[in-house]
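A look at the structure
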Amino acid sequence: MSALASFCEALLPPEAGGPDPAVLAAEVERFLARQPAPIRLGARVGAALFGARPALMTRPEALRPAADALKAVVLLVHGADSMAGEVAERAQLVPPARPDADLDLTRSSEWPSDVRCDFVVVGSGAGGAMAARTLARKGASVVVVEEGRRHSVEEFRSGHPLERFGALYRDGGATAAIGRPPVMLPIGMGVGGTTLVNSGTCYRTPEAVLLRWRDVAGLGLADPDRFGGYLNEVWETLQVAPVPQAVMGRNGQLALQGAGALGWRARPLDRNAPGCGGCCQCAIGCPRNAKFGVHLNALPQACAAGARIVCEARVQRVSSNDVVARRRDGSLFRLHASSGVVVAAGATETPPLLRRSGLGGHPRLGCNLTLHPAVAVSGRFSEPVVAWRGVLQSTAIEQFHERLGVLVEATSTPPGMGSVVLPGVGAELLEEMRHTDQLATLGAMVADLPAGRVHGKQRSLLSYSLTPRDALRLVRAIEIMGQVLFAAGATEVLTGLPTWPRVRDTRELAEAVAAADPKQMHVAAFHPVGSAAAGADPERFPVAEDGSLRGADRVWVADGSVLPTCPEVNPQVTIMAMSLAIAEGIR
Ligand SMILES: Cc1cc2nc3c(=O)[nH]c(=O)nc-3n(C[C@H](O)[C@H](O)[C@H](O)COP(=O)(O)OP(=O)(O)OC[C@H]3O[C@@H](n4cnc5c(N)ncnc54)[C@H](O)[C@@H]3O)c2cc1C
Ligand code: SF4
């Protein structure tokens, strides 16, 4: 604790206006308690090292990623804490757009030990919810098993932002893919899966991607004429509409303005958020129940058709007619599925589950992982932007999407949680933090080659080696975003590049990106897919064209894992449509 307090003191010195280091250290410690043991250990070692010798935070280069990671945690805790009042006020400004949904939901502690049904669906996220609804509507008896718990709108309205963050993400939000650079990869966990925390952005799968899946992967389901029908159905279920100007906020407006000045193609994003009030809290659960995750549509519709959900139950193993799950107290229960099992645990959890079930024999299972890696850039404006008043993800700049695979989206963070991008330490950092209301932030994702892998059996372990092509694209994305921000009137751009963190004009921006070392970049990702890819070639694809797992009988996969490549856009609509297509095909 004292090492952590020394680190906090060096990072945010009280004499320069920083918080009480002991109080902040205690808060950080409480936050770390939710993280997995290796993260806690890493944080403690880092605190001991940098707390004793603060100069090591900036040099040598080799230690910078570790210092940055610990700095990010401390700033996240401090920022979320100091803005908790504003978060609560905006969360409670108006009543929810709709009540929590009616679900036939039972906690595993109250679930009987032996239950029979036709199908078990593992996972209640984007893919699982659609599969459950489709099968239930066909008259099958369906049980959905979900590891996470149910979250209510009341918790989102009254909970502390850090509590919400810690409760909604797997491993308290600390998931990462190992590599150079490492990639932060938060994954949602709860009834509704990652749709509980996503930004609500909706894209139809680009036709070029579908043609590639049909013609190169041999995935007949992806034929644009056929898949278009499934996309329409998802679009309707999610009640997708463009972001209204009234709630967009200045972050999105500046992105449109900057792109407009450059003559680049840009527009308000399509989102599944009917009734959105622009409170910028999507990533920690929508306090208005406006964001229309599957817990508010496909899951209640599945339950209306007879499906049941058991939550707080981690599936240990599956077979063609049997599922064994573990309650939180460690006890096991069994589900007999006479017609089969649909695995939809998400791209990072499905391969380990299949392995520990003895169904992981295909050599390509866990390979082929794409992440849609992302970088962020902020622009400083002379007037307040207050990026956290408005929709979290609001506008798209699509000028470089088809040609370069770079999709830019104006993306803010929940109030206070954006300070993690600020450069510097000590008095310099505190000065930056006093002016965060003048920052506008853009994020860009790059359509990547499969460069990742999901290892492990009991726990997943992720690795990702950014390819030289995609590294160049990420660097180019930083330049594109900087150009947009300058065109919108930014006086300074924070590049996110540790070696050249701030630039004052486009000439300096070009120099900074030319000198960038991709291995040192801060990269995050939100869209892992492809780890149990579906396709025609039995050698290359662990999953067959109809979604059935090769080498198993009556086991299907229907989540992000089955996409053969990166879909090149935010994937929730594609995953739901694919799951719908697979479940439709199950007799
Ligand atoms: C912060 C963030 C923002 C995002 N924003 C967008 C966006 O704006 N637009 C968009 O299109 N996409 C977005 N995404 C991505 C999108 O939400 C996901 O791609 C999508 O939800 C994945 O669907 P899935 O069914 O594969 O997995 P998930 O939705 O993650 O569902 C998998 C579920 O399975 C459960 N599970 C896992 N293992 C087990 C087990 N062993 N037993 C029981 N249950 C298990 C998990 O707890 C989880 O609930 C975002 C993601 C994040 C993290
Ligand atoms: S910005 Fe996000 S969290 Fe806020 S109301 Fe809209 S959808 Fe909900």
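One can find the structure itself at the top, above this paragraph.
Here's what I pulled together on the structure shown here. (Residues numbered from 1 in each chain as written. Chains lettered and ligands numbered in written order. Predicted model: local features only at pLDDT ≥ 70, side-chain atom pairs only at ≥ 80, totals over all residues. Heavy atoms only, no water.)

1. Describing the overall build of the protein
Looking only at helices and strands, the protein has 19 helices and 22 strands in total. Compactness check: the protein gives a C-alpha radius of gyration of 23 Å against a globular reference of 25 Å for 587 residues, within 12% of the reference. Looking at the 587 residues of the protein, the share that counts as buried comes to 60%. Looking at the protein alone, contacts between residues at least 24 apart form 75% of all its contacts between residues at least 6 apart. With the model as given, the accessible surface of the protein reaches about 21400 Å², and the carbon-plus-sulfur share is 54%. Distance between charge centroids for the protein: 3 Å, based on 59 positive and 57 negative side chains. (Helix = DSSP H or I, 4+ residues; strand = E, 2+ residues; numbered from the N terminus. Rg over C-alpha atoms; globule rule 2.2 N^0.38 Å. Buried < 20%, exposed > 50% of the residue type's maximum accessible area, 1.4 Å probe, protein only. Contact = heavy atoms within 4.5 Å. Areas by Shrake-Rupley, 256 points an atom, 1.4 Å probe, with all protein chains shown as cover. Lys, Arg positive; Asp, Glu negative; His and termini not counted. Charge placed at Lys NZ, Arg CZ, Asp CG, Glu CD.)

2. Thoughts on the nonpolar core
Ranked by internal contacts, the top residues of the largest apolar core, which has 79 residues, are Val142, Val145, Val318, Leu335 and Met578. Residues contacting Val142, with those up to four places away along its chain left out, are Phe119, Val121, Ala132, Leu135, Ala136, Gly306, Ala307 and Arg308. Phe400, Ala410, Val475 and Ala488 belong to the second-largest nonpolar core, a separate cluster that totals 52 residues. (Core = buried A, V, L, I, M, F, W, Y, C linked by side-chain atoms within 4.5 Å.)

3. Focus: the packing of helix α1 (residues 2-11) against helix α4 (residues 64-82)
Contact geometry for α1 and α4: axes closest at 11 Å, N-to-C directions at 85°. In terms of their interaxial angle, α1 and α4 are classed as roughly perpendicular. Counting all contacts with α1, which are made through Phe7, Cys8 and Leu11, the residues of α4 involved are Ala67, Leu70, Lys71, Val74 and Leu75. Looking at the contact of α1 with α4, its residues break down into seven nonpolar, no polar and one charged. (Axes fitted to C-alpha atoms, helices over the stretch in contact; angles between N-to-C directions. Parallel < 35°, antiparallel > 145°, perpendicular 65-115°, else oblique. Nonpolar A, V, L, I, M, F, W, Y, C, P; charged D, E, K, R; others polar.)

4. Let's talk about the packing of helix α3 (residues 37-52) against α4
In the contact formed by α3 and α4, the axes pass within 10 Å of each other and the chain directions differ by 105°. As far as their axial angle goes, α4 and α3 are roughly perpendicular. The residues of α4 that touch α3, namely those facing Ala43, Gly46, Ala47 and Phe50, are Ala66, Ala67 and Leu70. Split by residue class, the contact of α3 with α4 holds six nonpolar, one polar and no charged.

5. Looking at the environment of Asp470
When you line up the elements, Asp470 lands in helix α17 (residues 468-487). Its relative accessible area of 0% is what places Asp470 among the buried residues. A C-alpha to C-alpha distance of 7.5 Å links Asp470 and Leu449, two positions 21 residues apart in sequence. Excluding residues within four positions of it along the chain, Asp470 makes contact with Val446, Ala447, Asp448 and Leu449. Side-chain polar atoms of Asp470 contact the side chain of Thr467, separated by 3.1 Å. (Polar contact = N/O pair within 3.5 Å; in protein donor to acceptor, adjacent residues only side chain to side chain.)

6. Remarks on the pattern of salt bridges
According to the stated counting rule, one finds 33 salt bridges in the structure shown. A salt bridge links Glu432 to Arg380, with the shortest nitrogen-to-oxygen separation between them at 2.3 Å. Here Glu432, found in helix α16 (residues 426-433), pairs with Arg380, found in strand β13 (residues 374-380); they are 52 residues apart in sequence, far enough to count as distant. The residues Glu432 and Arg380 share a single accessibility class, namely buried. The salt bridge partner of Arg502 is Glu428, with a shortest N-O separation of 3.1 Å. Of this pair, Arg502 sits in strand β20 (residues 502-503) while Glu428 sits in helix α16; the two residues are 74 residues apart in sequence, bridging distant segments of the chain. Counted as one network, the salt bridges with shared partners bring together Arg380, Glu428, Glu432, Glu492 and Arg502. (Salt bridge = Lys/Arg side-chain N within 4 Å of Asp/Glu carboxyl O.)

7. Let's talk about the site of ligand 1
Among the 39 residues in the neighbourhood of ligand 1, the closest are listed as Gly127, Glu146, Thr194, Thr201 and Gln572. Taking Val315, its main chain carries an N or O atom lying 2.9 Å from a nitrogen atom of ligand 1. Among the elements of the structure, α6 (126-137), β10 (313-319) and α19 (572-585) are those that each provide at least two residues to the shell around ligand 1. Among the elements that make up the shell around ligand 1, the one with the highest residue count is β10 (three residues). Partitioned by chemical class, the residues of the shell around ligand 1 number 14 nonpolar, 18 polar and seven charged. (Near = heavy atom within 4 Å.)

8. What to know about the packing of aromatic side chains
Each pair of aromatic rings is reported with the distance of its centres and the angle of its planes. Using the criterion set out here, one finds five aromatic pairs in the structure. Both rings, one in Phe165 and one in Tyr169, keep their centres 4.9 Å apart while their planes meet at 40°; by these two values the pair is tilted. Within the aromatic cluster, the residues linked to one another by ring pairs are Phe31, Phe165 and Tyr169. The aromatic ring of Phe400 is capped on one face by Arg476, whose charged end is 5.3 Å from the ring centroid. (Phe/Tyr/Trp six-rings, centres within 6.5 Å; stacked < 30°, edge-to-face > 60°. Lys NZ or Arg CZ within 6 Å of the ring centre and 35° of its normal.)

9. Regarding the side chain of Asn272
When you line up the elements, Asn272 lands in the loop between β8 (270-271) and α13 (298-304). By relative accessible area, Asn272 is classed as buried at 1%. If sequence neighbours within four positions are ignored, Asn272 has contacts with Gly200, Thr201, Cys202, Leu238, Gln239, Val240, Ala290, Lys291, Phe292, Gly293 and Gln572.

10. Side note on α1
Here α1 has its buried residues at Leu4, Ala5, Phe7, Cys8 and Leu11. Down the axis, α1 shows its buried residues gathered within 160° of arc, on one side only. Among the structural elements, α2 (21-32), α3, α4 and α16 are those in contact with the buried residues of α1. (Arc of directions from axis to C-beta.)

11. Thoughts on unusual backbone geometry
A cis amide bond, omega 5°, links Arg180 with the succeeding residue Pro181. Tracing the chain through its elements places Pro181 in the loop between β4 (176-178) and β5 (183-184). Positive phi values are uncommon outside glycine, yet Asn289 reaches one of about 50°. For Asn289, a relative accessible area of 2% gives the class buried. In this structure, Asn368 is a non-glycine residue whose phi angle is positive, near 70°. The topology assignment puts Asn368 in the loop between α14 (350-356) and β13.

12. Description of the pairing of strand β17 (residues 452-455)
Along β17, the buried face is formed by Gly452 and Val454; none of Arg453 and His455, which line the opposite face, is buried. Between the antiparallel neighbours β17 and strand β18 (residues 461-464) lie five residues, among them Gly456 with a positive phi of about 95°. (Pairing = 2+ DSSP bridges.)

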